[in-house]
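Close look at the chain arrangement
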Amino acid sequence: MTTTEADQVTPEPVEAVGPVEPAAAAGHEHGHEHGVHGYHKQKDEHLKRLRRIEGQIRGLQRMVDEDVYCIDILTQVSASTKALQSFALQLLEEHLRHCVAAAAAKGGDDVDAKVEEATKAIARMLRT
C-alpha cells in the first residue's frame, strides 16, 4: 500500500470507552498473558482486513479534504462502519470458539468469567 503526504494525518484524541487498567494496556486484561488467542490462526487475514478498513478511513479524510458531497461521505462512513462491525463479529466468534470453549472444557469458575466477558463485549458492540 502506498501512502502520500496527504495521507499522513495526526489522529484526533479519542474519548476512552472506560478506564484502562495498566495490565489491560499491556495486553494482560483479566489475567490474559500475551500469547496465542482465538484469532491467531487468521491473524494475517485480520491484519489485511484492518488495513483495508484503514484505507477506507483515509479515503474519508481525502473526501472531506476534497469537499466531496456530504451524502457521498456518509455512504462511505456507513461502509466503513459495517466493515468494522463485521470484523468485530468475526473476532467475537473466534473468542467464543477458542477462549470460552477452552474455559468450558476446563470447567470451574473460569467459564462464567469468560461468558461474562463476552457478554460485556457484545453489550459494548450494541451500544455503538
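This report concerns the structure included in the present document. As the structure is a computational prediction, the values presented were derived from the model and not from experiment.

This next bit is on the overall build of the protein. From N to C terminus, the protein includes four helices and zero strands. Overall, the protein shows an N-to-C arrangement of helices and strands of α-α-α-α. Counted over contacts in the protein with a minimum sequence separation of 6, partners at least 24 positions apart contribute 58%. Here the protein has roughly 10,100 Å² of accessible surface; of this, 57% comes from carbon and sulfur atoms.

We now examine the pattern of salt bridges. Scanning the entire structure with this criterion turns up five salt bridges. For Glu 54, the salt bridge identified is with Arg 58, shortest N-O distance 3.2 Å. Of this pair, Glu 54 and Arg 58 both sit in helix 2 (residues 43-65), separated by four residues, roughly a single helical turn. Owing to a relative accessible area of 34%, Glu 54 belongs among the partly exposed residues under this scheme. We note a salt bridge from Lys 120 to Glu 116, for which the minimum N-O separation is 3.1 Å.

Now for the side chain of His 46. Within the element layout of this structure, His 46 appears in helix 2. Overall, His 46 belongs to the buried group, its relative accessible area being 4%. Once you skip the residues sitting within four places of it in the chain, His 46 turns out to touch Tyr 39, Phe 87, Gln 90, Leu 91 and Glu 94.

Calculation criteria
Residues numbered from 1 in each chain as written. Predicted model: local features only at pLDDT ≥ 70, side-chain atom pairs only at ≥ 80, totals over all residues. Heavy atoms only, no water. Helix = DSSP H or I, 4+ residues; strand = E, 2+ residues; numbered from the N terminus. Contact = heavy atoms within 4.5 Å. Areas by Shrake-Rupley, 256 points an atom, 1.4 Å probe, with all protein chains shown as cover. Salt bridge = Lys/Arg side-chain N within 4 Å of Asp/Glu carboxyl O. Buried < 20%, exposed > 50% of the residue type's maximum accessible area, 1.4 Å probe, protein only.

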